[in-house]
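# Per-entry structural report
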Amino acid sequence: MTEVQESRPAEREPPDARLSDSVTQEPTPPGADEPAQNDNRNAGFFNPMRIIRWMDTLTLPFAIFFILSERDIHPAYNMTWRRKFALGWRLFRITRSIRKCGTSWRAHLVMASKILTFPPEQEGVVVECGCWQGASSACLSVICEYADRQLIVYDSFAGLPPADPRDEQANDYATGYFYGPLEVVRANVRKYGVMDRCTFRKGWFEDTLVDHKQKIILAYLDVDYQKSLHECVTRLWPWLVDKGYMFIDEYLILRYCALFWSERWWRTYFDTEPPGMIGAGVGVGVGQFWVGPKGARIGRAYSRPYQAAHSVGYTRKDFSGYWSFYPDENAGSSARDLS
Ligand SMILES: C[S@@+](CC[C@H](N)C(=O)[O-])C[C@H]1O[C@@H](n2cnc3c(N)ncnc32)[C@H](O)[C@@H]1O
């Protein structure tokens, strides 16, 4: 597969270099439990990466069938099985064609299954925060083509920002990782996606998201850092429509998912209850075998991908993740009154 060349080589690879074409690897702090990647290269026929790629390909029709069996897909989109398989195949091809790709086609299928539930008369765009080299933008733009929506892509197009010392997911050394210049992103979307569906907004989230003014049916946040997630959620949540979706990529990191369960955070910023998160810690089921919290070993080689990042976590504007049963404190009355 050819890949659109960037105008200058990325100075830095993500710390945990890609193991396969369609697998997300979040930055790994120095000294953390590092995958023994050389083991993978030396494992011959039983190379876990080869098994994973075959598994990923062979289960493609099943994943498309089951994920797009979402019963609420709106009839206006005429999503016949032929169209569903065409969509799934195209997402698969994109994630296999663009080498620097952080979100699996399965994750995109899940988002498609939700985007297509909104009736055409429901106003709202799709928003992506964090696109790296545009593989996820290309996928989302194709989904938007099927759903007749517009996609707005926010990114620095300069990689990760400098670390905020309060941010437990950020690292000083990672500044600039996931560098994806705008011209490379555009070229990838032009080649593999649907350019007419896209608007690109360049800059740090804290500067660009304040000007966001469109209703949102689905936002996909793949932004790595807690500070970036904080910016995205505080700025975009108010623009979600009543049953609008917010997806995240860092669903394996419990501390990161914790924002969506934090009563203090939601009370402080929105004076409301936390919405919770479906898939926190494991991702929604897309045909993977993740038992967590760390990667399993297949044979001699360490391998996470088929057990980890093929999925997503998500919440919805009308969800509640509030625990209300406190019998010892106030038997017989609603614990909501206690807050
Ligand atoms: C892991 S990459 C996104 C991967 C991409 N979604 C994919 O599937 O290929 C994270 C992206 O978030 C962007 N990012 C993180 N924090 C940001 C911030 N505060 N402002 C702007 N961009 C940010 C980085 O530039 C990077 O492109």
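Parameters and conventions
What you see as residue numbers is a count from 1 along each chain, following the sequence as written. Note on the predicted model: pLDDT of at least 70 is required for a residue's local features to be given, and 80 or more for side-chain atom pairs to be given and counted; whole-chain, interface and lining totals, by contrast, use all residues. Water and hydrogen atoms play no part in the side-chain values, which are based on all heavy atoms of the structure. Labels follow the DSSP assignment, with helices taken as runs of H or I lasting at least four residues and strands as runs of E lasting at least two, numbered in each case from the N terminus. Only protein chains enter the accessibility calculation, which uses a 1.4 Å probe; a residue whose area is less than 20% of its type maximum is buried, one above 50% is exposed, and one in between is partly exposed. Being near a molecule or strand, for a residue, means having at least one of its heavy atoms within 4 Å of it. Counting of polar contacts relies on pairs of N or O atoms within 3.5 Å, with two restrictions inside protein: one atom must be capable of donating a hydrogen and the other of accepting it, and residues adjacent in sequence are counted only when both atoms are side-chain atoms. Only the protein chains shown count as covering a residue, and every accessible area follows the Shrake-Rupley method with a 1.4 Å probe. Note that Gly is not counted as nonpolar here; it falls among the polar residues with everything else outside the nonpolar set of Ala, Val, Leu, Ile, Met, Phe, Trp, Tyr, Cys and Pro and the charged set of Asp, Glu, Lys and Arg. Note on contacts: a residue pair is in contact if any heavy atoms of the two residues lie within 4.5 Å. A residue's pLDDT is the predictor's confidence in that residue, given on a scale from 0 to 100. We define a salt bridge as a side-chain nitrogen of Lys or Arg found within 4 Å of a carboxyl oxygen belonging to Asp or Glu. Axes here mean lines fitted to C-alpha atoms, for a helix over just the part in contact, with angles spanning 0 to 180 degrees between N-to-C directions. Our angle categories are set so that under 35 degrees counts as roughly parallel, over 145 as roughly antiparallel, 65 to 115 as roughly perpendicular, and the remainder as oblique. Less than a right angle of anticlockwise turn of the near helix away from the far helix marks a crossing as left-handed, whereas a clockwise turn marks it as right-handed.

## A closer look at the environment of M55
With respect to the helices, strands and loops of the structure, M55 is situated in helix α2 (residues 48–58). On the basis of relative accessible area, M55 is assigned to the partly exposed category, the value being 31%. As a C-alpha pair, M55 and G287 span 232 residues in sequence and 9.8 Å in three-dimensional space.

## Quick look at the site of the ligand
Around the ligand, the structure places 21 residues, and the nearest of them are G102, T103, D155, D222 and S228. One nitrogen or oxygen atom from the main chain of W132 is found 3.0 Å from an oxygen atom belonging to the ligand. Note that a nitrogen atom of the ligand is positioned 2.8 Å from one of the side-chain N or O atoms of D222. In isolation the ligand offers 600 Å² of accessible surface; the protein chains occlude 98% of this area. Of the residues that constitute the shell around the ligand, the class distribution is 9 nonpolar, 8 polar and 4 charged.

## Some details on the environment of W239
In this structure, W239 sits in the loop between α9 (226–236) and β5 (240–248). Not counting chain neighbours up to four residues away, the residues in contact with W239 comprise H212, K213, Q214, K215 and I216. One polar contact links the side chain of W239 to the main-chain carbonyl oxygen of H212, over a distance of 3.2 Å.

## Regarding the confidence of the model for the protein
In this model, the protein carries a mean pLDDT of 85, and residues with pLDDT of at least 70 account for 79%. Residue range residues 1–42 is modelled with pLDDT below 50. Its contacts to residues more than four positions away, or to other chains, number 105 contacts.

## A closer look at the pattern of salt bridges
Counted by the stated rule, this structure contains 11 salt bridges. Put simply, K215 and E123 hold a salt bridge, and the shortest N to O gap is 3.8 Å. Of this pair, K215 sits in the loop between α8 (205–208) and β4 (216–221) while E123 is found in the loop between α5 (105–115) and β1 (125–129), placing the two residues 92 residues apart along the sequence. Of the charged contacts in the structure, one is a salt bridge between R267 and D271, with a shortest N-O distance of 3.1 Å. Given the relative accessible area of 56%, D271 is considered exposed. What you see here is one network of salt bridges that share partners, running through D56, R96 and R106.

## Some details on the packing of α9 against helix α11 (residues 263–270)
Between α9 and α11, the shortest axis-to-axis distance is 11 Å and the interhelical angle comes to 50°. Looking at the two axes, α9 sits oblique to α11. Crossing of α9 over α11 shows right-handed handedness. Residue-level contacts link H230, V233 and T234 of α9 to W265, W266, Y269 and F270 of α11. Of the residues assigned to the contact of α9 with α11, the class counts are 5 nonpolar, 2 polar and no charged.

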